[in-house]
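Listed below are the residues making up each chain.
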Amino acid sequence: MEGTCLLCLLSLTSLLCCTSDSAGLTVSPSSSQLFEGDSVSLSCEEDDSSAGWRLRRNTTRETRTQCGADWGRSAGSSCNISYIDPLDSGVYWCESREGATSNSISITVTGGAVILQSPVLPVMEGHDVTLHCKTKTPPSNLPAAFYKDGSLITETTGHMTIHHVDKSDEGLYSCDIRGHGESPRSWITVTGQEVKGQELHFDFTTY
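Before going into details, it helps to say that this report is about the structure given with it. What you are looking at is a predicted structure, and each value in this text was computed from that prediction instead of being measured.

Calculation notes
- Residues numbered from 1 in each chain as written.
- Predicted model: local features only at pLDDT ≥ 70, side-chain atom pairs only at ≥ 80, totals over all residues.
- Heavy atoms only, no water.
- Helix = DSSP H or I, 4+ residues; strand = E, 2+ residues; numbered from the N terminus.
- Polar contact = N/O pair within 3.5 Å; in protein donor to acceptor, adjacent residues only side chain to side chain.
- Contact = heavy atoms within 4.5 Å.

Here we take up the side chain of lysine 148. Inspection of the secondary structure assignment puts lysine 148 in strand β13 (residues 143-148). A polar side-chain atom of lysine 148 sits 3.2 Å from a polar atom in the side chain of aspartate 149. Within the local environment of lysine 148, its side chain forms a polar contact with the backbone oxygen of serine 168, the two atoms lying 3.4 Å apart. Not counting chain neighbours up to four residues away, the residues in contact with lysine 148 comprise Ile153, Ser168, Asp169, Glu170, Gly171, Leu172 and Tyr173.

So, in structure tokens, the structure goes:
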């Protein structure tokens, strides 16, 4: 749990410092938490293709490593991970040859049975955000309890929606499905400015 909080802080630091408007990082599926064994694709949406944008990451075992070296399969300014592992949990970003960086995202990979699907990037004030509590195996729309900063928010079936988010909605979110377990915790950031490279309304009903 402490490791998850550290990754959240690293991600927030990267978002606030040393970023460039020349590229935006997107991830598919668009969720900050993934199950072990899932596949994921990360892409640098670039304004300047000549800048040579590449994916890098920080994890608990490595710092600033580039996609295609020891992890992932590089395809130009994109990176594909066909089988993601808990050791792949960390902070990901795009970096140009000149050292400019994009926004960053924090990904948590769990070997457990439950994840909370939540935004990978800051959410704009006034927008609605839907969080889904998912199990690794069907059925996926089971009754779930949702928590913010360790306190129960609501108990509902599978998902909850936060309407017209504001700064007070920032915090660490998790969920629990009785008989299956609890998800890791993920930080949700609320901003007054749109973050390049990502839709700010999230709907995971088809995932």
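Bringing unusual backbone geometry into the picture now. In the segment running from serine 28 into proline 29, the intervening peptide bond is cis, with an omega of 0°. Mapped onto the fold, proline 29 is located in the loop between β1 (23-28) and β2 (33-35). For the peptide bond that leads from proline 138 to proline 139, omega is -5°, which places it in the cis range. Backbone geometry places arginine 64, a non-glycine residue, at a positive phi of 55°. Secondary-structure assignment places arginine 64 in the loop between β4 (54-59) and β5 (65-66). Its identity is not glycine, yet histidine 164 carries a phi of approximately 50°, on the positive side. Tracing the sequence through the fold places histidine 164 in the loop between β15 (159-162) and β16 (171-177).

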